[in-house]
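Residue strings, one per chain:
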Amino acid sequence: MFSISDAVQNYSKNTRYKRIYQKYQNYTMIPFENFAANLELCEKFKEMQGCVIECGVWRGGMSAAMTEVLGNERTYYLFDSFEGLPDAKEIDGKEALQWQKDKNAPNYFNNCTAEIEFAQEAMSLSKADKVEIIKGWFNETLPSATINEPIAVLRLDGDWYDSTMDCMENLYPKVIEGGLVLMDDYYFWDGFSKAIHDYLSKNKLPVRISQWNNSNLYYLLKKS
Ligand SMILES: C[S@@+](CC[C@H](N)C(=O)[O-])C[C@H]1O[C@@H](n2cnc3c(N)ncnc32)[C@H](O)[C@@H]1O
């Protein structure tokens, strides 16, 4: 099991994370503080062998940035519809339903729609040599995806309950014991956190959910 030790508190002083952020800023909607928190936590897992998967990549900026700290020895898988988010449902909560109705809000990002070319471009700027970008809805692409190696880092950023449940059901069993599951929306969207709780509870998993460095980033370490 990897141990996670003292976190660096002030990201604004971290010029390396700033540089990485600036490089991919046009390819991510994640604000700098949260972006840096992801990089810092990922970096703790750079010695762990295995692939990296992000589900919900939008323009691919966070996936590309992860390659800067996790290196080019491994394969990076990016899953997205590249058609935006599915319709939110009641289980996703009032805020999610309202967010999807408010098409003029500054954080609407055209329902998180991005052409696949952005993600291809972001990954071509990155350190990765081995990249698979898989377009389609998670419930259609994940069950048949060929992932021939264990997952060291799984980043979940699909916002809604069904999307998150599809990712957990198909990918959590493939995460290495002690591997990292980053939960972008755990703090933010009700449906996301409900899916995580339901999955863990349904499978009677003794997993703890943790907050990273007082940020909005939550994560868990795979435990069977
Ligand atoms: C908030 S955005 C991801 C942000 C991104 N990680 C970044 O660095 O900016 C959510 C993404 O999840 C994708 N998504 C959500 N549910 C999905 C599903 N069921 N199947 C495929 N893609 C999905 C959307 O297309 C969208 O690109």
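Computed from a predicted structure; not experimentally measured.

## Some details on unusual backbone geometry
Positive phi values are uncommon outside glycine, yet F82 reaches one of about 55°. Residue class for F82 comes out buried when judged on its relative accessible area of 6%. A positive phi angle, near 65°, is found at D159, a position not held by glycine. Checked against the element boundaries, D159 lands in the loop between β4 (151-156) and α8 (161-171). Taking relative accessible area as the criterion, D159 reaches 8% and is therefore assigned buried.

## Structural notes on helix α6 (residues 116-125)
All buried positions along α6 are accounted for by I116, A119, A122 and M123. Each buried residue of α6 lies within a common arc of 125° when the element is viewed along its axis, so the set occupies one face. Residues of α6 that are buried sit in contact with α1 (15-24), α3 (61-70), β2 (75-80) and β3 (130-135).

## A short note on the packing of aromatic side chains
All chains considered together, the criterion is met by 12 aromatic pairs. Looking at R59, its charged tip hangs above the ring of F118, at a distance of 4.1 Å from the centre. In this structure, K222 packs its charged tip against the face of Y172, placed 4.8 Å from the ring centre.

## Brief notes about the nonpolar core
One finds I53, C55, F79, L154 and I196 to be the most contacted residues of the largest nonpolar core, which totals 42 residues. Mapped by element, the contributors of at least two residues to this core are β1 (51-55), β2, α4 (94-101), β4, α8, β5 (175-183), α9 (190-202) and β7 (218-221). Sequence-distant contacts of L154, that is, excluding residues within four places in its chain, are made with I53, C55, L171, V175, L180, V181 and L182. Grouped together as the second largest cluster of nonpolar side chains are 40 residues, F45, M62, L70 and L180 included.

## Notes on the sheet that holds β1
Pairing is mixed across the open sheet formed by 7 strands, whose spatial order is β3-β2-β1-β4-β5-β7-β6. Whereas interior strands pair on both sides, the edge strands pair on one side only; in this sheet they are β3 and β6 (209-211). Strand-to-strand, the axes of this sheet are offset by a mean angle of 20°, without reference to chain direction. One ladder, built from 4 bridges, connects β5 with β7; its direction is antiparallel.

## Considerations on the state of the cysteines
Inspection of the entire model under this criterion finds 0 disulfides. The cysteine C55 is free of any disulfide, with C167 supplying the nearest cysteine sulfur at 3.7 Å.

Analysis parameters
- Residues numbered from 1 in each chain as written.
- Predicted model: local features only at pLDDT ≥ 70, side-chain atom pairs only at ≥ 80, totals over all residues.
- Heavy atoms only, no water.
- Buried < 20%, exposed > 50% of the residue type's maximum accessible area, 1.4 Å probe, protein only.
- Helix = DSSP H or I, 4+ residues; strand = E, 2+ residues; numbered from the N terminus.
- Arc of directions from axis to C-beta.
- Contact = heavy atoms within 4.5 Å.
- Phe/Tyr/Trp six-rings, centres within 6.5 Å; stacked < 30°, edge-to-face > 60°.
- Lys NZ or Arg CZ within 6 Å of the ring centre and 35° of its normal.
- Core = buried A, V, L, I, M, F, W, Y, C linked by side-chain atoms within 4.5 Å.
- Pairing = 2+ DSSP bridges.
- Axes fitted to C-alpha atoms, helices over the stretch in contact; angles between N-to-C directions.
- Disulfide = S-S within 2.5 Å.

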